[in-house]
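The chain contents come next:
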Amino acid sequence: MNTATIETRHGSTRDREIVDAKVIVTCPGRNFVTLKITTRSGLTGLGDATLNGRELAVASYLTDHVVPNLIGRDAGRIEDMWQFLHRGAYWRRGPVTMTAIAAVDVALWDILGKMAGLPLYQLLGGRSREGALVYGHANGRDIEEATDEVGKYIEKGFLAVRAQCGVPGVKKAYGISVGGKPYEPAESELPAETVWNTPKYLNIVPKLFERLRADHGPDVELLHDVHHRLTPIEAARLARDLEPFRLFWLEDATPAENQKGFELIRKHSVTALAVGEVFNSIWDCKHLIENQLIDYIRTTIVHGGGITHVRRIADFAALHAVRTGFHGATDLSPVCMGAALHFDTWVPNFGIQEWMFHSDETNEVFPHDYVFRNGRLHVGDTPGHGVDIDEKLAARFPYAPKQLPIARLEDGAMWDW
Ligand code: CS2
Ligand code: MG
C-alpha cells in the first residue's frame, strides 16, 4: 500500500488540518465550558473545559492563548499537540492549564474516532468490560432520610451508592441537598459561608453506616466523601471506626497536599481510600500511588490533561494495584462523562465511576448515547466519544457566575471546604 492510499482511507494531512476552534460557555442550570474543534474536511470534536467556579479562566486560557496555536495544525497529531501545550507553554500543570489541555486532547480523540468511524474505547484498545459500574449520590438531612435515599437508589438498580447525612449542630454539611433539589454546591455568586465541626461529624458518620448496613444488607457497595475535612489522625480514626461496615471507599479523608498523612491512615486502618479529584497531573499522585497509600485514583479526564495524560496515570496506577474511580460530579459536563465512560470501558484497572445526574436542560444541550442499565453505564457505538452539543440551545443559557462555598471553624478560622 503506498502512502497515497493510506491518506485516502484515513484522511489526508490537508483534510485533518484544524480550521476552526471555538469556546462555548453555557449555563443550562450550571456553567459548562466546551471547546469545539473543526477540521478542513468538516469533522468536529468536542472537549469539556469546565472548572467549577473558575470557568472563565479556562475559557480565556483557551480563547486567548491556545486557539491561535491550533489553527493550521494537524488534528491527527494528538500526542504532539499534548506535548506542545504542556512542555511548549513553559508554565506546566495547574488546574486551569490542565483543564484547557484536556479540552483540546479530548476534542482531538473525538475527531480521530470520527475519522476512523470507531467509538473511542475501540481506539484505546477495545472493551475490557460490558459496562462501567457507577455510584450515585444519596443524601439526607439526617440518618433516617439518608437511609431512605440509599433505598431509592437500590430500587433504581444501583449497585453502589455514596451516602452523606446532615451533622447535628452543623448548619450546612457537605453533600446535603436543600429544598428537595439535587445537591449542587456552587449555588451563589459569592461563596456561601459554612461552619464546620469535626467532633460532631466524627460522631455521626459511623452511626450512619451502621444503620445503612442494618437496613440494606451486606451486598450494596457503600462509599463516603469526607471532602478534605479531617487531619490525618482524625481521618485514621474515622477509617478505623468505619471498618465493620466495609466501605467500597472513603474519599478525600484528608487534604492530599500532605501525602505523608496517608501513611498514618494506612497504619491504623484497612478501609479503602480514594483521592485525587483535585489533582491534575501524574506528579500529584505519583508518591501516593507508588507507595500504595491509596486504592483508587479519582483524577478524571477534564481536570487531568485529557485521555492522553490520564492514560499515563492509569497505567502507572495499574503497576501498584491502584484502580480508577473517576470524579463524575455534575460540574463535569456530559462531554467529560462520555469520554470518561469510554476510558472506563477500556481501562484494565477500572474500579468504579461516579455519576451524579445532570439536569434535563443539561442533557438536552449535550445529547449523548450513554445509557444506565443494571447498575452500570454503557457507552454507545457512535464514532468518537458520542456526546454532541446543541449550540442554538446552549446560547439560550448565558453564563451565570457561581462559586463554591467555603468552610470556617466555629471560631471563624478558614478550613477546608
Ligand atoms: C465531590 C464534588 O463528587 C464529589 O466527589 O467532591 O461534588 C465536588 O464537591 C465538586 O466537584 C466541586 O466542584
Ligand atoms: Mg469528592
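Before reading further, recall that the structure is shown in the block above.
Below, the structure is looked at part by part. Because the structure is a prediction, the values reported are computed rather than measured.

Further remarks concern the site of ligand 1. Looking at ligand 1, there are 15 residues lining it, with Asn52, His227, Glu251, Glu277 and Glu354 nearest. At 3.4 Å from an oxygen atom of ligand 1 is found a side-chain nitrogen or oxygen belonging to Arg162. In this structure, Glu354 approaches ligand 1 through a side-chain N or O atom, which is 2.4 Å from an oxygen atom. The fraction of the free accessible surface of ligand 1 (340 Å²) that becomes covered by protein chains is 95%. When grouped by side-chain class, the residues that make up the shell around ligand 1 number four nonpolar, four polar and seven charged.

Ile37, Val104, Phe209, Ile301 and Phe343 are the most contacted members of the largest nonpolar core, which has 126 residues in total. Inspection of this core shows a minimum of three residues originating in each of domain 1 (3-119) and domain 2 (123-383 + 405-415). In contact with Phe343, not counting residues within four places along its chain, are Leu124, Ile301, Ile307, Val310, Arg311, Ala314 and Phe326.

With that out of the way, let us pick up the sheet that holds strand 1 (residues 18-26). Pairing is antiparallel in the open sheet, where three strands are placed in the order 1-2-3. Whereas interior strands pair on both sides, the edge strands pair on one side only; in this sheet they are strand 1 and strand 3 (44-48). Within the sheet, the average angular offset between the axes of one strand and its neighbour, ignoring direction, is 20°. Sheet topology note: the strand 2 (residues 32-39)/strand 3 ladder contains five bridges and is antiparallel.

Although it is not a glycine, Tyr90 sits at a positive phi angle of roughly 70°. Positionally, Tyr90 belongs in the loop between helix 3 (78-86) and helix 4 (95-116). With phi around 40°, Arg246 is a residue other than glycine that occupies positive phi space. Relative to the elements of secondary structure, Arg246 occurs in the loop between helix 8 (232-241) and strand 8 (249-251).

Attention now moves to the coordination of the magnesium ion (ligand 2). For the magnesium ion (ligand 2), every protein donor is listed as Asp225 (OD), Glu251 (OE) and Glu277 (OE), and the spread of their distances is 1.9 to 2.2 Å. All donors of the magnesium ion (ligand 2) belong to a single chain; written as a sequence motif, their spacing is D-x25-E-x25-E. Of this pair, Asp225 sits in strand 7 (residues 221-225) while Glu277 sits in the loop between strand 9 (273-275) and helix 10 (282-290); the two residues are 52 residues apart in sequence, bridging distant segments of the chain. Residue Asp225 shares its accessibility class with Glu277, and that shared class is buried.

Positionally, Ala340 belongs in helix 12 (residues 334-346). For the pair Ala340 and His385, spaced 45 residues apart in sequence, the C-alpha separation works out to 8.8 Å. Setting aside its immediate chain neighbours within four residues, Ala340 contacts Thr300, Ile301, Phe326 and Gln353.

Looking now at the packing of aromatic side chains. Aromatic rings considered in pairs are described by the distance between their centres and by the relative angle of their planes. Under the definition given, this model contains 18 aromatic pairs. Between Phe326 and Phe343, the ring centres sit 5.3 Å apart and the planes meet at 50°, which makes this aromatic pair tilted. With Phe326 in strand 11 (residues 323-326) and Phe343 in helix 12, this pair connects stretches of sequence that are 17 residues apart. Accessibility assignment for this pair places Phe326 and Phe343 in one class, buried. The rings of Tyr153, Phe158, Trp355, Phe357 and Phe372 are connected pair by pair, giving a single aromatic cluster. One residue, Arg229, lies across the ring of Trp196, its end atom 4.7 Å from the ring centre.

A separate point is the packing of helix 3 against helix 4. Between helix 3 and helix 4, whose axes approach to 10 Å, the crossing angle comes to 170°. The orientation of helix 3 relative to helix 4 falls into the category roughly antiparallel. The segment helix 3 lies against helix 4, with Ile78, Met81, Trp82, Leu85 and His86 engaging Met98, Ile101, Val104, Asp105, Leu108, Trp109 and Leu112. Residues belonging to the contact of helix 3 with helix 4 are distributed by class as follows: ten nonpolar, one polar and one charged.

With that settled, consider helix 7 (residues 198-216). Taking 1.5 Å as the rise per residue, helix 7 with 19 residues should run 27 Å; its terminal C-alpha atoms sit 27 Å apart, in good agreement. Within the sequence span of helix 7, burial applies to Thr198, Tyr201, Leu202, Ile204, Val205, Pro206, Leu208, Phe209, Leu212 and Arg213. Structurally, helix 7 contributes buried residues whose contacts are with helix 6 (143-155), strand 5 (160-165), strand 6 (193-196), strand 7 and helix 8. The distance from a side-chain oxygen at the start of helix 7 to the backbone nitrogen of Lys200 is 3.0 Å, and the residue carrying that oxygen is Asn197. After helix 7 finishes, the residue Gly217 shows a positive phi value of roughly 80°.

Definitions and limits used
Residues numbered from 1 in each chain as written. Chains lettered and ligands numbered in written order. Predicted model: local features only at pLDDT ≥ 70, side-chain atom pairs only at ≥ 80, totals over all residues. Heavy atoms only, no water. Near = heavy atom within 4 Å. Polar contact = N/O pair within 3.5 Å; in protein donor to acceptor, adjacent residues only side chain to side chain. Areas by Shrake-Rupley, 256 points an atom, 1.4 Å probe, with all protein chains shown as cover. Nonpolar A, V, L, I, M, F, W, Y, C, P; charged D, E, K, R; others polar. Core = buried A, V, L, I, M, F, W, Y, C linked by side-chain atoms within 4.5 Å. Buried < 20%, exposed > 50% of the residue type's maximum accessible area, 1.4 Å probe, protein only. Domains from an automatic or database assignment. Contact = heavy atoms within 4.5 Å. Pairing = 2+ DSSP bridges. Helix = DSSP H or I, 4+ residues; strand = E, 2+ residues; numbered from the N terminus. Axes fitted to C-alpha atoms, helices over the stretch in contact; angles between N-to-C directions. Donors = N, O, S within 2.8 Å, 3.2 Å for Na, K, Ca; no water. Phe/Tyr/Trp six-rings, centres within 6.5 Å; stacked < 30°, edge-to-face > 60°. Lys NZ or Arg CZ within 6 Å of the ring centre and 35° of its normal. Parallel < 35°, antiparallel > 145°, perpendicular 65-115°, else oblique. Expected span 1.5 Å × (residues − 1).

Structural measurements only, silent on function.
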